[in-house]
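Report on the structure
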Amino acid sequence: MPAPLKADPAFWQMPVAALLEQGSAHRDGLSSAEAAARLKQFGPNVVHGERKRAVFLQFLAKFRNPLVIILLAASALSAFTGDVTGFLIIATIVLISVTLDFVQEYRAGQAADQLRQSVAIRAQVFRDGKLLKVPLADMVPGDVALLAAGDVVPCDGRVLEAKDLFVNQALLTGESYPVEKAPAELAVTTEVNAASNTVLMGTSVISGTAKVLMCRTGQKTALGEIADTLLVKPPPTAFEEGTHRFGILILRLTVLLLLFVLLVNAFFHRPWLESFLFAVALAVGLTPELLPMVVSVTLSRGARRMAANKVIVKRLASIHNLGSMDVFCTDKTGTLTEARIHLECHLDPLGTECAQVLKLAYFNSYFETGVKSPLDDAILEHTEIDVSGWRKIDEVPFDFERRRVSVLLDNGTDRLLVVKGAPEDILRLSVSYCVEEGSSVHPLDDAARVSINAQFEALSKDGYRVLGIASRQVGADHQHAVLGDESELVFAGFATFLDPPKESAKAALAALAADRVAVKIITGDNELVTQHVFAQLELPVTGVLTGTQIQQMDDAALAARVEQVNLFCRVSPAEKNRIILALKQRGHVVGYLGDGINDAPSLHSADVGISVDSAVDVAKAAADMILLEHDLGVLHAGVLEGRRTFGNIMKYIMMGTSSNFGNMFSMAGASLFLPFLPMLPGQILLNNLLYDVSELPIPLDRVDDDYLSHPRHWDMKFIRNFMLVIGPVSSVFDFLTFYIMLAVFHAGETLFHTGWFIESMATQVLVIFIIRTRRNPFKSRPNPWLIACSLTVVAVAVLLPFTPVGVQLGFVAPPALFFAVLAAMLLFYLLAVEAMKQWFFRRFATP
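Since the model is a prediction, treat every value here as computed from it, not as a measurement.

1. Notes on the overall build of the chain
Of the regular secondary structure elements, the chain holds 32 helices and 23 strands. For the chain, the residues scored as buried account for 57% of the 847 residues in total. When contacts within the chain are restricted to residue pairs at least 6 apart in sequence, those whose partners lie at least 24 apart make up 73%.

Written as C-alpha cells, this is what we have:
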C-alpha cells in the first residue's frame, strides 16, 4: 500500500491534486483495510481522551493507597521477625478487599462506557465506495467525509466540494459570525484559521453541505495543538465536592485516632510493631476506601436504569444534578406539543388561501441548506410544487438574530429573492404586498400594516404558528445574496401551522410539579401561540417575558423576574443563556433541554444539559444526557432515578459516619484501659472486609417514595450532625460489651477479641436496616440481596470462631450464654438507634 497521507503543516496551501497524491488519498474515500491501517499508524482521532491502561495496571493502581502500602510493609517486617502467619492473613485480606473493590468498579466503568458509546457522535464517511457512519474516534487522514448543517467537524480537512457552506469557528477564533468555506487554491501566506478552503476540528456547520478530505486528526489538528489551553475541567458538582469533603473529614479523624493509639501504646510500653500494625489497621477500618466503588457502582446502576427509561447518561456525575434539579427549562415543541407539525393554510395579506404563498414558501424550504426545521418539513410535504425550472444562485442562512432565511433563485427569465421568517420581521422589511401571483403590487401603508398585524395576532391567539413569506425581484446580474438585499420586499402572506398539544404533557407536568420541579418554557414562538397551548393543556401562566423585554433588563433585574415567570417567548440563544444564568444566580439547580445548533452555550451553562437523540451533533456533544424520546414523562423518570441513586450513596455515607466510625472510635478508646490490644490487626482488617461485603448490595436497594418527593442536595452539616448523634450510640454499646466481656465472662485476650469481633460485626451490619430509611424499618422493604448479604456476613462472623480458620485468626469458641447476651444487646442497640434516628429527623431540617 502507498505511504499514508502525511499531516503536512501547510495542507491548506497545497493544490488538491498534490495533496491527494502525497498520501494515496482518493476523492471517493478509503477502503476499510486502508482506514484500519491508518488508524493503527495515527491512533484514534481524539484530542484529550483518556488513555486507557491495561486492566492489570488498573488493578495494581488500587494498591497505591498509602495505608495499604504501609500495612503490607509493616506486616512483611513482622514476617521477618517470625510472624509469618500474621503476614499471610493480613496480605490475603488486603488482596481480597482490593480485588473486590476493583472488580465492582471496573464492571461499573465498562457498563457506563457502553452507554456513552450508544449515543456517541458519528460522521458520514466514504469507505469502500459507500457512505457509512463511523465514530469520530475512528476517522483517519485520507478519509473523505460528507458534512451537513448541524454537524461537528471531525478533523482538520480540505474542502473538495461545497454548497453554501457556512461554519462557526468561535471555538478557535472567538469570532461568533459564521464563515463561508469553499474549495479554492490559496496564497502561501494564509494561516490555517483564516483559510477559506479548510474546515477545522471542533467547529460546527451552520448551513450548507460539503465533501471534505481529512488531513489532520487528533493531537495534530489545530484544536489538538491548543487543547491544553482550551480544555478547562468542568467545575465539580455539589456531589463531587461533597464526597471530597467527606473523605477529608474521615481522613482527619483517622489521623487523630491513629496518633492517639500510637501515643497510648507507647505510654504503656507495648510492642511497637504490633502497636503500629494495630494503628494502621484501625486507620484502614476507618478509611472509606469502599466509597469510590460504591459511588461508581451506584451511579453506573443508576445510568443503566435510566437507559431502560430511555435516558442515556454521558457524564455519570450529572445523575446527582438531575436528582437535585428544581427548575427545568425547555422549548414547548416536543414537550408540550406533539412535534407533528402540519401546514394548515397559506394566506395572502387579505386572509384568503393563496397558492403563491405556498409556492414561495416551498421554494425557500427546498433550496435552503441549513438545518431543516419541523416547519420546513411540513412545507416540503407539498411535493406537488414544481421546482424543476429553478436553480439556486446564493443564500443568506438563517440565524437567530435575524430570524429569517433568504434564497436567491433564477429560472432563466426571472431572478428572485425569496425570504421566509418571523412575521413581524418580514413585515418590517416589506414596503408593498400582493394578493396573488401576477397581480398588481399595493403599497404597504399604515392601514394595510394594521390590518395584516391584526390577522397575524388573530392566528396566533388561535394557536397557529405563523411564518411570513416575502420576495423581491432583482436584476439578472445580481450574483450574491447579502443581508442588505433583505429590504424593500413584497409581502406575499402567511404560512400557518398547527402543532397539537401532547396529551401526556399535562400529566407529566403535574408529576414534575408534585416532585417540586418547576418547568419554564423558553421558546422562539410568540407569546400568543404559547399561551394558547397552555390554555389547551389547562396549565397556569404565572408570568410572561419576551426577548425584547429581556434585552432591556440588566442581569439583576432579570434575576428578580425569572423566579415567577414561566413563559419566555421570542428569545434568542443569548437570551436563553441569560435566563439560565439568572436562575442559577437565584440558587436553583437548572436543567436545560436543547436540540439546536445554537443551544450548546445554554447546555454548558445549565447544571445538567439534556438533549434528544434526534438533535444535531453540536447539541448532543454539549449535553450531559440524551433523551431517546422527546417526552417530559421520560425526563420525570430520570429525575426520580437521579434521586434514587443519590439516596443509596447517602446510605453508605451515613453508615460510615455512624456505626462503623463508632466501632473504630471504641477500639481506640479501649486501648486506654486494656492491657492488650482490643483486636488484632488481622481481625480488624477481616472486620472491615466483611463489613464491605455486606454493603455491596446497597446500589440495588430500594429508596422510599417520600425520599424521592423533592430535590436532594449534598449537605455536609447534616452528615456531621448525624455522625455526632448516631455514632456515640454505637460506642456506648461497644463499651457495654467491654464491661460484660471483662466483668461477666472474665475474658482473657483471645475471648475478648472473639466476643467483640462478633458484637461489632453484628451491630455494624444490622444497623443498615435502621439507617437505610427515615421511616419505621418494618414499613420499608429492603432489597432481598441486601437482606441475604447482611445476614450471611453476620452468620460468618458468628460461626468463624468454631472453624480452623477462626483459630488461625486468633479466635476461640465463646460460651453459649454469650450469644443470649449478644441477642439482648443487639435488640436494645437497634431500638436505641431507631429512637435516636427518629429524634434526629424531627430535630434537624431535611437535607
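2. Overview of the packing of aromatic side chains
Counted by the stated rule, this structure contains 18 aromatic pairs. Ring centres 5.0 Å apart and planes at 80° place the aromatic pair Tyr366 and Phe367 in the edge-to-face group. Taking the relative accessible area as the measure of exposure, Phe367 reaches 10% and is therefore buried. Ring geometry for Phe745 versus Phe818: centroids 6.2 Å apart, planes at 70°, classification edge-to-face. You can see Phe745 sitting in the loop between α27 (716-744) and α28 (749-766) and its partner Phe818 sitting in helix α32 (residues 816-843), a full 73 residues away along the chain. The pair formed by Phe745 and Phe818 is uniform in burial state, with each residue classed as buried. Of the aromatic side chains, those joined through ring pairs into one cluster are Phe718, Phe722, Phe840 and Phe841. Taking the ring centre of Phe126 as reference, the NZ or CZ of Lys211 above it sits at 5.0 Å.

3. Re the nonpolar core
Counting residues in hydrophobic clusters, the biggest one holds 137 residues, and the most contacted among them are Leu322, Met325, Phe328, Leu336, Phe568, Leu635 and Phe757. Apart from residues no more than four positions distant in its own chain, Leu635 is found in contact with Leu322, Met325, Phe328, Leu512 and Ile610.

4. Regarding helix α17 (residues 503-514)
Those residues of α17 that fall on the buried side of the exposure criterion are Ala505, Ala508, Leu509 and Leu512. All buried residues of α17 fall inside an arc of 100° around its axis, so they share one side. Along α17, the residues that are exposed and aim more than 90 degrees away from the buried face are Glu503, Ala507 and Ala514. If you follow the buried residues of α17, they end up packed against β18 (518-522) and α24 (632-656).

5. Some remarks on the state of the cysteines
Per the counting criterion, the structure on display carries zero disulfides. The thiol of Cys215 is not disulfide-bonded; the next cysteine sulfur, from Cys155, is found 9.3 Å away. Distance from the sulfur of Cys434, which forms no disulfide, to the nearest cysteine sulfur (Cys354) is 7.1 Å.

6. Observations concerning the pattern of salt bridges
Taken as a whole and judged by the stated rule, the model has 30 salt bridges. The partner of Arg403 in a salt bridge is Glu424, with the nearest N and O atoms 3.1 Å apart. Pair noted here: Arg403 is in the loop between β11 (391-399) and β12 (404-410) and Glu424 is in helix α15 (residues 423-429), with a separation of 21 residues, a long-range link. The class for Glu424 is partly exposed, based on a relative accessible area of 22%. Where Glu538 meets Lys506, a salt bridge forms, and the shortest distance between an N and an O atom there is 2.6 Å.

7. Things to note about the packing of α27 against α28
Remark: α27 packs on α28, axes separated minimally by 10 Å, with the N-to-C direction vectors making an angle of 150°. Of the two elements, α27 crosses α28, and the hand of that crossing is right-handed. Of the residues in α28, those in contact with Phe733, Asp734, Thr737, Phe738, Met741 and Leu742 of α27 are Leu751, Phe752, Gly755, Trp756 and Glu759. Considering only residue class, the contact of α27 with α28 consists of seven nonpolar, two polar and two charged.

8. Considering the packing of helix α26 (residues 681-695) against helix α30 (residues 784-799)
The geometry of α26 relative to α30 is characterised by a closest axis approach of 8 Å and an angle of 160° between their N-to-C directions. With respect to each other, α26 and α30 are oriented roughly antiparallel. Of the two possible hands of crossing, α26 and α30 adopt the one that is right-handed. In this structure, α26 uses Leu690, Val693 and Ser694 to contact α30, whose residues at the interface are Leu786, Cys789, Ser790, Val793 and Val796. Here the residues of the contact of α26 with α30 sort into six nonpolar, two polar and no charged.

9. Some remarks on the pairing of strand β14 (residues 430-433)
Pairing analysis gives three bridges linking β14 to strand β17 (residues 489-498), with the strands arranged parallel. By the bridge assignment, Ser430 is partnered in β17 with Leu489. Relative to strand β15 (residues 442-443), β14 runs antiparallel, the two being bridged by two bridges. Opposite Tyr433, over in β15, you have His442 as the bridge partner.

10. Brief notes about the sheet that holds strand β9 (residues 327-330)
Read across the open sheet, the eight strands follow the order β8-β23-β22-β21-β9-β18-β20-β19; overall the sheet is mixed. The two strands at the open ends of the sheet, each matched to only one other strand, are β8 (311-313) and β19 (544-546). Adjacent strand axes in the sheet meet at a mean angle of 20° when their direction is disregarded. Pairing of β19 with strand β20 (residues 567-569), which is carried by three bridges, proceeds in the parallel orientation. Within β20, the position partnered with Val544 by the bridge is Leu567.

11. Description of a nonpolar patch on the surface
On the surface, a cluster of nonpolar side chains totalling about 410 Å² of accessible area is made up of Phe260, Leu672, Phe673, Phe735 and Leu742. By secondary structure assignment, the location of Leu672 is in the loop between α25 (659-670) and α26.

12. Digging into the confidence of the model for the chain
Mean pLDDT over the chain: 83, with 87% of residues reaching 70 or higher. Segment residues 1-7: pLDDT under 50, and 22 contacts once partners within four positions in sequence are set aside and those in other chains are kept.

13. Quick word on the environment of Val744
By secondary structure assignment, the location of Val744 is in helix α27. Here the alpha-carbon distance between Val744 and Phe818, two residues 74 residues apart in the chain, equals 9.6 Å.

14. Description of helix α21 (residues 573-585)
Helix length check: α21 (13 residues) gives 19 Å between terminal C-alpha atoms against 18 Å at 1.5 Å per residue, within 8%. Taken residue by residue, α21 has Pro573, Glu575, Lys576, Asn577, Ile579, Ile580, Ala582 and Leu583 as its buried positions. Among the residues trailing α21, Gly587 stands out with phi positive, at a value near 90°.

15. Notes on the side chain of Lys520
You can see Lys520 is positioned in strand β18. No salt bridge is formed by the buried Lys520; the nearest opposite charge belongs to Glu563, separated by 6.3 Å. Of note is the side chain of Lys520, whose polar atom sits 3.2 Å from the backbone oxygen of Glu563. Those residues in contact with Lys520 that sit more than four places away from it in its chain are Val327, Phe328, Cys329, Thr330, Val562, Glu563, Gln564, Val565, Asn566, Phe568 and Leu583.

16. Considerations on unusual backbone geometry
Positive phi is not limited to glycine here, since Asp128 has a value of about 55°. Counting through the fold element by element, Asp128 comes out in the loop between β1 (122-127) and β2 (130-135). With a phi close to 50°, Glu488 is a non-glycine residue in the positive phi region. We classify Glu488 as exposed; its relative accessible area is 55%.

17. Some thoughts on the environment of Phe276
With respect to the helices and strands, Phe276 occurs in helix α10 (residues 272-286). Accessibility expressed as a relative area gives 29% for Phe276, which makes it partly exposed. Sequence separation between Phe276 and Val261 is 15 residues, and the spatial gap between their C-alpha atoms is 8.7 Å.

Quick notes on the rules
Residues numbered from 1 in each chain as written. Predicted model: local features only at pLDDT ≥ 70, side-chain atom pairs only at ≥ 80, totals over all residues. Heavy atoms only, no water. Helix = DSSP H or I, 4+ residues; strand = E, 2+ residues; numbered from the N terminus. Buried < 20%, exposed > 50% of the residue type's maximum accessible area, 1.4 Å probe, protein only. Contact = heavy atoms within 4.5 Å. Phe/Tyr/Trp six-rings, centres within 6.5 Å; stacked < 30°, edge-to-face > 60°. Lys NZ or Arg CZ within 6 Å of the ring centre and 35° of its normal. Core = buried A, V, L, I, M, F, W, Y, C linked by side-chain atoms within 4.5 Å. Arc of directions from axis to C-beta. Disulfide = S-S within 2.5 Å. Salt bridge = Lys/Arg side-chain N within 4 Å of Asp/Glu carboxyl O. Axes fitted to C-alpha atoms, helices over the stretch in contact; angles between N-to-C directions. Left-handed = near helix turned anticlockwise from the far one by under 90°. Nonpolar A, V, L, I, M, F, W, Y, C, P; charged D, E, K, R; others polar. Parallel < 35°, antiparallel > 145°, perpendicular 65-115°, else oblique. Pairing = 2+ DSSP bridges. Patch = residues over 30% accessible without salt bridge, like charges linked within 9 Å, V, L, I, M, F, W, Y side chains within 5 Å. Areas by Shrake-Rupley, 256 points an atom, 1.4 Å probe, with all protein chains shown as cover. pLDDT = per-residue confidence, 0-100. Expected span 1.5 Å × (residues − 1). Lys, Arg positive; Asp, Glu negative; His and termini not counted. Polar contact = N/O pair within 3.5 Å; in protein donor to acceptor, adjacent residues only side chain to side chain.

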